[in-house]
Amino acid sequence: MRVPWRTRPPSAGGPIRAPATLRGVIRVPSDKSISHRALIANALAEGESTVSVRAPGGDVLTTVGALVRFGVPIDAHGMVDNEIHFPVSGGGTGDAIATFRRREVELSCRNSGTTMRLFTGVSATQPARVTLRGDPSLELRPMERVASPLRRMGAAVTTENGLPPLVVEGRRPLRALHHDLPVASAQVLGAICFAALAADGETTVTTPGPTRDHTERLLGWMGAEIARDGRVTTIRGPSGLRARSLVVPGDPSSAAAWLVAAALHPDADVRVLGVSLNPTRLALVDVLREMGATIEIEPRDGGGPEPVGDLRVRTAGQLQAIELRGGRVAALIDELPLVAIAMAGADGVSELRDAAELRVKESDRIASVVCNLSAVGAEVHELPDGWRVRRGRPRDANVTTDGDHRIAMAFAIAALAGVATSVVIDDPGCVEISYRTFWRDLETLSGREHPSLPGGLGS
Ligand code: S3P
């Protein structure tokens, strides 16, 4: 598979500092969550389609690789303007959902929890024995939460004391299920939804907190009978899917880096074009506005299952501290390292609670945020389920990422926004997991390159 180009880390790993101005217009990579789901759903669907993914990151390419391992005839070709097109020949041939070609499948899910959890759900529908492994970080992440409901649906699923590798032997039809998720996880919800396409009857899943609803939107748009009402998702099986082409909009969790950077920077005006405006992904906009940021949203015509539009953020007055706890924390899950940077640049003492789930992400993000905030000079206190932080005296810092893309990006933004005087990131390449073009966009907005993108707010 051809990948357009690799990201360029800051000049030979040198220090990142705040630029005099932070200005420009960019497009971030396609949304990671939607990309995984669009590729998998079209592979399970009847018909042909093209899924256009801008600058796919390592996690999305891992999902493409997993489909190839199942024998799905994907041909990744035709790079246009940093997009790769995946013409996916849907395998659905009148059966409820496609039966893939291979009967014995070894999947390497690398760093991608979403690939592992969604494919556990998909594997539960396949007449195959599927082994799912991860890299050392993924092999430490909890999988019983996805294994247990799929077992109750009738699939044989084993874990190693709740951790990967998972071994799944699927069957059809599966049993419909009524399940209360112990943690608000869109990955687990998505896995059950994919399995429920091959189940007999109505499956309902109740989540204890808000989760992103991309699975429901996409599968409904492709013909499944699926609905979300508050915290309850209902899906009726067996159900086929109609293949549908789509251009995956920009990732709000990637745009989040620039929202925080520009909200803190003293001379900033940044526009991010073509981002998913899915309300379940915009909690950061509300949080930053509460802290005093100036953010404008301009909806555009997306034409797919997701609302799409442009974001514009300009220098605010001094941001104010915030306390975050309860349900809204789950809705911010991937943005919390960046929220920590906004908190460390704000006036007053900020606190995050109810975020213990951060300890089982790509790294222990509570430990990692606290250690690195302390390195940049913030006054920070670790809590079992979050942190308490106030501004300190910014310092030059070496940042330890543990290979975690969101930690690397959050602390690059700390330097850009003046929360640190300078930052050296130990593993700048790890941003490729979700944001292949991060370093280029950072240079562009810092005035070291000037893009000429058409359209967008105010242009
Ligand atoms: C994702 C859901 C979130 C998020 C992850 C992507 C998804 O995980 O952290 O980056 O695509 O469903 P959980 O749902 O497990 O919290």
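Owing to the predicted nature of the structure, the values given are computational and were not obtained by experimental measurement.

Engineer: Can you break down helix 6 (residues 214-221) residue by residue, with the values?
Structural biologist: Two residues of an α-helix separated by three or four positions point the same way, owing to the 3.6 residues in each turn. Where burial is concerned, most of helix 6 is hidden: six out of the eight residues are buried. Buried-residue contacts for helix 6 involve helix 1 (32-44), helix 5 (186-196), strand 12 (225-229), strand 13 (232-237) and strand 14 (246-247).

Engineer: Can you explain the site of the ligand? Please cite residues and give values.
Structural biologist: Taken together, Lys 32, Ser 33, Arg 37, Thr 114, Arg 117, Ser 185, Ala 186, Gln 187, Arg 212, Ile 333, Asp 334 and Lys 361 make up the full set of residues near the ligand. Here an oxygen atom of the ligand and a backbone polar atom of Ala 186 are 2.6 Å apart. Lys 361 has a polar side-chain atom sitting 2.7 Å from an oxygen atom of the ligand. In the complex, the protein chains occlude 96% of the 380 Å² of accessible area that the ligand would expose alone.

Engineer: If you had to explain the sheet that holds strand 16 (residues 294-300) to someone new, which residues and values would you point to?
Structural biologist: One open sheet accounts for four strands, arranged 1-15-17-16; its pairing is mixed. The open sheet terminates on both sides in strands that have one partner only, identified here as strand 1 (22-26) and strand 16. Between one strand and the next, the sheet's axes are offset by a mean angle of 20 degrees, whatever the strand orientation. The pairing of strand 15 (residues 268-276) with strand 17 (residues 308-314) spans six bridges and is classified as antiparallel. Bridge pairing in strand 17 places Asp 269 opposite Arg 314.

Engineer: Explain helix 13 (residues 438-445) residue by residue, including any values.
Structural biologist: Taken across its eight residues, helix 13 has seven buried, putting it largely inside the fold. At its buried positions, helix 13 is contacted by strand 1, helix 7 (252-264), strand 15, helix 12 (405-416) and strand 23 (422-425).

Engineer: I'd like a rundown of the pattern of salt bridges, residues and numbers included.
Structural biologist: In the structure shown here, the tally under the stated rule is 31 salt bridges. Of the charged contacts, one joins Arg 236 and Glu 202 as a salt bridge, the two residues approaching to 3.3 Å between their closest N and O atoms. Of this pair, Arg 236 sits in strand 13 while Glu 202 sits in strand 11 (residues 199-206), and the two are 34 residues apart along the sequence. For Arg 236, a relative accessible area of 37% puts it in the partly exposed group. As a salt-bridge pair, Glu 225 and Arg 236 come within 3.8 Å of each other at their nearest N and O atoms. With a gap of 11 residues between them, Glu 225 in strand 12 and Arg 236 in strand 13 connect regions that are remote in the sequence. Of the residues examined, Glu 225 reaches a relative accessible area of 53% and is grouped as exposed. Each of the salt bridges in this network shares a partner with another, and the network as a whole consists of Arg 141, Glu 362, Arg 365 and Asp 404.

Engineer: Residue-level account of the packing of aromatic side chains, with values.
Structural biologist: If you walk through the whole model with that rule in mind, you get six aromatic pairs. Arranged with centres 4.9 Å apart and planes meeting at 75 degrees, the rings of Phe 438 and Trp 439 form a pair that is edge-to-face. Accessibility classification places Phe 438 together with Trp 439 in one group, the buried group. Here a set of aromatic residues connected by ring pairs shows up, and it is made of Trp 258, Tyr 435, Phe 438 and Trp 439. Sitting above the plane of the Trp 221 ring, Arg 244 keeps its charged end 4.0 Å from the centroid.

Engineer: Could you give an account of the side chain of Glu 216, naming the residues involved and the relevant values?
Structural biologist: With respect to the helices, strands and loops of the structure, Glu 216 is situated in helix 6. Judged by relative accessible area, which is 7%, Glu 216 ranks as buried. Setting aside its immediate chain neighbours within four residues, Glu 216 contacts Leu 189, Ile 226, Arg 228 and Thr 233.

Engineer: Which residues make up the pairing of strand 15, and what values go with them?
Structural biologist: The buried fraction of strand 15 amounts to nine of the nine residues, a majority that puts the element mostly inside the structure. Where strand 1 and strand 15 come together, five bridges link them in parallel fashion. In the strand pairing of strand 15, Val 25 is matched with Arg 271.

Engineer: Describe the nonpolar core, listing the residues and the values that go with them.
Structural biologist: Among soluble globular proteins, nonpolar side chains are generally buried collectively. Trp 258, Leu 336, Leu 373, Trp 387, Phe 411 and Phe 438 are the most contacted members of the largest nonpolar core, which totals 82 residues. Core analysis: the second largest hydrophobic core is formed by 67 residues, Val 60, Ile 97, Ala 147 and Val 157 among them.

Engineer: Tell me about the sheet that holds strand 21 (residues 386-390), residues and numbers included.
Structural biologist: Judged by pairing direction, the sheet is mixed, and its four strands sit side by side in the order 18-19-21-20 without closing on themselves. Looking at strand neighbours, the two that pair on one side only are strand 18 (323-324) and strand 20 (379-383), the edges of this open sheet. Note: strand 19 (residues 350-352) against strand 21, three bridges, orientation antiparallel. Note that in strand 21 the partner of Leu 352 across the bridge is Trp 387. Strand contacts of helix 11 (residues 365-376): strand 20 and strand 21, with the helix running at about 165 degrees to strand 20, the strand carrying the most contacts.

Engineer: Describe the packing of helix 3 (residues 113-123) against helix 5, listing the residues and the values that go with them.
Structural biologist: Viewed as axis vectors pointing N to C, helix 3 and helix 5 meet at an angle of 25 degrees, and their least axial separation amounts to 7 Å. Considering their axes alone, helix 3 and helix 5 lie roughly parallel with respect to each other. In this structure, helix 3 meets helix 5 at a crossing whose hand is right-handed. In this structure, helix 3 uses Gly 113, Thr 114, Arg 117, Leu 118, Gly 121 and Val 122 to contact helix 5, whose residues at the interface are Gln 187, Val 188, Gly 190, Ala 191, Phe 194 and Ala 195. Classifying every residue of the contact of helix 3 with helix 5 gives six nonpolar, five polar and one charged.

Engineer: Outline the confidence of the model for the chain, supporting the account with residue identities and numerical values.
Structural biologist: Of all residues in the chain, 90% attain a pLDDT of 70 or more, and the chain-wide mean is 91. Contacts of residues 1-8 to residues separated by more than four positions or lying in other chains number 25 contacts, the stretch itself having pLDDT below 50. Predicted confidence is poor over residues 450-459, with pLDDT under 50, and the contacts of this stretch with residues over four places away or in other chains come to 22 contacts.

Conventions used here
Residues numbered from 1 in each chain as written. Predicted model: local features only at pLDDT ≥ 70, side-chain atom pairs only at ≥ 80, totals over all residues. Heavy atoms only, no water. Buried < 20%, exposed > 50% of the residue type's maximum accessible area, 1.4 Å probe, protein only. Helix = DSSP H or I, 4+ residues; strand = E, 2+ residues; numbered from the N terminus. Contact = heavy atoms within 4.5 Å. Near = heavy atom within 4 Å. Polar contact = N/O pair within 3.5 Å; in protein donor to acceptor, adjacent residues only side chain to side chain. Areas by Shrake-Rupley, 256 points an atom, 1.4 Å probe, with all protein chains shown as cover. Pairing = 2+ DSSP bridges. Axes fitted to C-alpha atoms, helices over the stretch in contact; angles between N-to-C directions. Salt bridge = Lys/Arg side-chain N within 4 Å of Asp/Glu carboxyl O. Phe/Tyr/Trp six-rings, centres within 6.5 Å; stacked < 30°, edge-to-face > 60°. Lys NZ or Arg CZ within 6 Å of the ring centre and 35° of its normal. Core = buried A, V, L, I, M, F, W, Y, C linked by side-chain atoms within 4.5 Å. Parallel < 35°, antiparallel > 145°, perpendicular 65-115°, else oblique. Left-handed = near helix turned anticlockwise from the far one by under 90°. Nonpolar A, V, L, I, M, F, W, Y, C, P; charged D, E, K, R; others polar. pLDDT = per-residue confidence, 0-100.

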